[in-house]
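# Fold and geometry: a report
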Amino acid sequence: MKLFRVVSGHISLTRRETLLSAATKVLSNLGSDRSFSKPSEDSELKEFLDYLNNLKNFEKSGVPKGAGTDSEDGFDLGRMRRLMNLLGNPQSKFKAVHIAGTKGKGSTAAFLSNILRAEGLSVGCYTSPHIHSIRERISLGRSGEPVSAKVMNCHFQRNKMILDQAVELENGRLSHFEVFTAMAFSLFAEENVDIAVVEAGLGGARDATNVISSTGLAASIITSISEEHLAALGGSLESIAMAKSGIIKSGRPLVLGGSYLPHIERIIRDKASSMCSPVISASDPGNKSTVKGISNVSGKLCQSCDIVIEIKDLRSSIELLDVNLCMLGVHQLQNAATATCAALCLRDQGWRISDESVCAGLELTYLPGRSQILTSKEADALGLPGATILLDGAHTKESAKALADTIQMAFPKASLLLVVAMASDKDHLGFAQELISVERLEGVFLTEVSIAGSNSRTTSSSQLKDCWIQASKETGSSILEYHAEEYINFLKNHSVHCTQEINRKPLLFSEGSLMASMRAAHHILKTRTRDQPSIIVVTGSLHLVSSVLDYFQN
């Protein structure tokens, strides 16, 4: 059996420094400078964006019931295939790794893409949603930069007549996501990428990305299964598993992230067996991934991890010790392990991927809005001097638990104040239940944010308030409802003894304005905790995170 061992602290410094230097540009473009797009650049895309905005956008309106299932109610994948045929079937001109799953798709795609780039491969990566600019959904080449507005606009202009023809043939039923996915695949073919890493949008079986054939598929990955988009994916955990299993292709390997409920994993494995697809699991008993601690590396919080993978069917192993992940949390370590399994799977197929490249790619991966800690300069720009602010796009019960665990691990002694806004189709109660009992919770500000530029999926702060009150009753966690301005005045006008009586319980506030919520949160947190460690966590939606980050852009 081949044994690949990398002890992070003992890799040849020359080799490791070369890899890190070559990939530094990747890190900066993945968000370390948070300068994803400039208004002048995206103005070049106005015609293309206007074109897309005239199409049906389910991110704005919400996904119809059953749309992601492999049934009569599901999206018409034939429509997407006809569009790809008009474009010359570009998806057949490159190898691809296809990723589905409830949570972890984007992070796993980022980890794997950076592993491949660290090896020097030209990678096309397609993910959703975006933070600042739609260009972030497509990255090309060895640098990991978002596709430029110029390249995107030129590609659109060259293909506009074909798109017009397709829209007419489909009687206007082509969607925003279908057309943009087609443009991404067409760009990958035009740029002659070595390999593409493609994140499914919804489900898998009927998703627009699922036009990749078995001959073009290097591997499929299913990261996790939980109850999100329940109505759109059939109404049960079992139907969600079936929908996501739709990306499995005949004879092509499947990488499982996990962990899964036993009967859900059985559904996926049975589908793989029926397709004669070998299964590799990052959660197999022989694989060990552990977080050893949190440290400050070059001014950024990182978690030091060991990742030990042994894939008996491939007769290969890899041991990565003291890997410094910028992506915090046990869930991100699981995503890193899943990407590592996928890299070993590709290596078994003949792709040259060194152990050093795996380590460097994992360490260089960073995504905004995933346990992202703002710099002191950014906190100052928000009018929150001295505040520690964490942004995380968690929006499900499971991701809320992962966030709570991450906060406890990274800030074990800090008092916490949450700022929350959510889309209307999420499990608001389940989300609240996971966070309301977190240790040292000082309060929760409930606010509102537009979803994909529209208010049609926005949840009002009053609706969220009802869910948090219900969660407090069901979990036995006391919480006091207040109006922020009244409470601040109360702090000013009452004795220390009176305020200490109130301060023993978390407070619940409902505010319409995001920035007003954050500034009130900062004031209240400072008053309640004085000189003790504290943190403001902004969460509930990536669209909320985007709104905060857009403040710096504007």
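See the structure printed just above.
Here is a short report on the structure shown in this document. Keep in mind it's a predicted model, so treat the numbers as computed, not measured. (Residues numbered from 1 in each chain as written. Predicted model: local features only at pLDDT ≥ 70, side-chain atom pairs only at ≥ 80, totals over all residues. Heavy atoms only, no water.)

### Notes on the overall build of the chain
From N to C terminus, the chain includes 20 helices and 18 strands. With 554 residues in all, the chain has 59% of them scored as buried. Considering only contacts within the chain whose residues lie at least 6 apart along the sequence, 77% involve residues at least 24 apart. Summing over all exposed atoms, the chain offers an accessible surface of approximately 22100 Å²; the carbon and sulfur share of this is 49%. (Helix = DSSP H or I, 4+ residues; strand = E, 2+ residues; numbered from the N terminus. Buried < 20%, exposed > 50% of the residue type's maximum accessible area, 1.4 Å probe, protein only. Contact = heavy atoms within 4.5 Å. Areas by Shrake-Rupley, 256 points an atom, 1.4 Å probe, with all protein chains shown as cover.)

### Structural notes on the pairing of strand E2 (residues 95-100)
Burial analysis of E2 places five of its six residues in the buried class, the great majority of the element. Two elements, E2 and strand E6 (residues 217-222), share five bridges in a ladder whose sense is parallel. Opposite Val 97, over in E6, you have Ala 219 as the bridge partner. (Pairing = 2+ DSSP bridges.)

### Thoughts on the sheet that holds strand E15 (residues 441-446)
Taken in spatial order, the seven strands of this open sheet run E12-E13-E18-E14-E15-E17-E16, and their pairing is mixed. Each having just a single partner strand, strand E12 (372-373) and strand E16 (480-482) make up the two edges of the open sheet. By the bridge criterion, six bridges tie strand E14 (residues 415-420) to strand E18 (residues 534-539) in an arrangement that is parallel. Its bridge partner lying in E18, Leu 418 is registered against Val 537.

### Regarding helix H9 (residues 237-244)
Among the eight residues of H9, six are classified as buried, and the element is accordingly described as predominantly covered. When we look at burial in H9, the residues that qualify are Leu 237, Ser 239, Ile 240, Ala 241, Ala 243 and Lys 244. Residues of H9 that are buried in the fold lie against E2, E6 and helix H10 (262-274).

### Description of the side chain of Thr 447
The topology assignment puts Thr 447 in the loop between E15 and helix H16 (461-475). A distance of 3.1 Å separates a polar atom in the side chain of Thr 447 from the backbone oxygen of Glu 511. (Polar contact = N/O pair within 3.5 Å; in protein donor to acceptor, adjacent residues only side chain to side chain.)

### Observations concerning the side chain of Glu 199
Along the polypeptide, Glu 199 turns up in strand E5 (residues 195-199). Here the side chain of Glu 199 touches Ser 128 through a polar contact of 3.3 Å, landing on its backbone nitrogen. With residues near it in sequence (within four places) discarded, Glu 199 still touches Ile 99, Lys 105, Gly 106, Tyr 126, Thr 127, Ser 128 and Thr 209.

### Things to note about a negative patch on the surface
Side chains of Glu 227, Glu 238, Glu 398 and Asp 427 sit close together on the surface and give a patch of like negative charge. Judged by its relative accessible area of 34%, Glu 238 is partly exposed. (Patch = residues over 30% accessible without salt bridge, like charges linked within 9 Å, V, L, I, M, F, W, Y side chains within 5 Å. Salt bridge = Lys/Arg side-chain N within 4 Å of Asp/Glu carboxyl O. Lys, Arg positive; Asp, Glu negative; His and termini not counted. Charge placed at Lys NZ, Arg CZ, Asp CG, Glu CD.)

### So, the nonpolar core
Leu 112, Leu 116, Leu 346 and Leu 362 are the most contacted members of the largest nonpolar core, which has 45 residues in total. Here the element with the most residues in this core is helix H11 (residues 330-348); it accounts for ten residues. Ranked by size, the runner-up nonpolar core spans 40 residues in total, among them Leu 77, Leu 83, Leu 163 and Ile 212. (Core = buried A, V, L, I, M, F, W, Y, C linked by side-chain atoms within 4.5 Å.)

### Description of the pattern of salt bridges
All told, the structure shown has 22 salt bridges when counted by the stated rule. The salt bridge partner of Glu 439 is Arg 440, with a shortest N-O separation of 3.2 Å. For Arg 440, a relative accessible area of 31% translates into the label partly exposed. Each of Asp 76, Arg 82 and Glu 170 takes part in a single network of salt bridges with overlapping partners.

### Some words on the pairing of strand E13 (residues 389-392)
Both faces of E13 are covered, namely the face carrying Ile 389 and Leu 391 and the face carrying Leu 390 and Asp 392. As defined by bridge partners, E12 adjoins E13 across two bridges and the pair is classed as antiparallel. Within E13, the residue paired with Gln 372 across the bridge is Leu 391. Both E13 and E18 contribute to a ladder of four bridges, which runs parallel. The residue bridging Leu 391 from the neighbouring strand is Val 538, located in E18.

### A closer look at unusual backbone geometry
In terms of backbone geometry, most residues other than glycine have negative phi values and most peptide bonds are trans. Omega for the bond connecting Ser 128 with Pro 129 falls within 30 degrees of zero, at -5°, which places this linkage in the cis form. Relative to the helices and strands, Pro 129 resides in the loop between strand E3 (123-126) and strand E4 (138-139). Cis geometry is adopted by the peptide bond preceding Ser 259, which originates at Gly 258 and carries an omega value of 0°. Of note, Ser 259 is situated in the loop between strand E7 (254-256) and H10. In this structure, Asn 171 is a non-glycine residue whose phi angle is positive, near 55°. Tracing the chain through its elements places Asn 171 in the loop between helix H7 (149-169) and helix H8 (176-190). Positive phi is not limited to glycine here, since Ser 371 has a value of about 50°. Position of Ser 371 among the secondary structure elements: in the loop between helix H12 (355-364) and E12.

### Quick word on the sheet that holds E2
Pairing is mixed across the open sheet formed by seven strands, whose spatial order is E4-E3-E5-E2-E6-E7-E8. If you trace the sheet from one side to the other, it starts and ends with E4 and strand E8 (279-281), each paired once. Sheet topology places E2 next to E5; five bridges connect them, and they run parallel. Paired with Val 97 across the strands is Val 197, a residue of E5.

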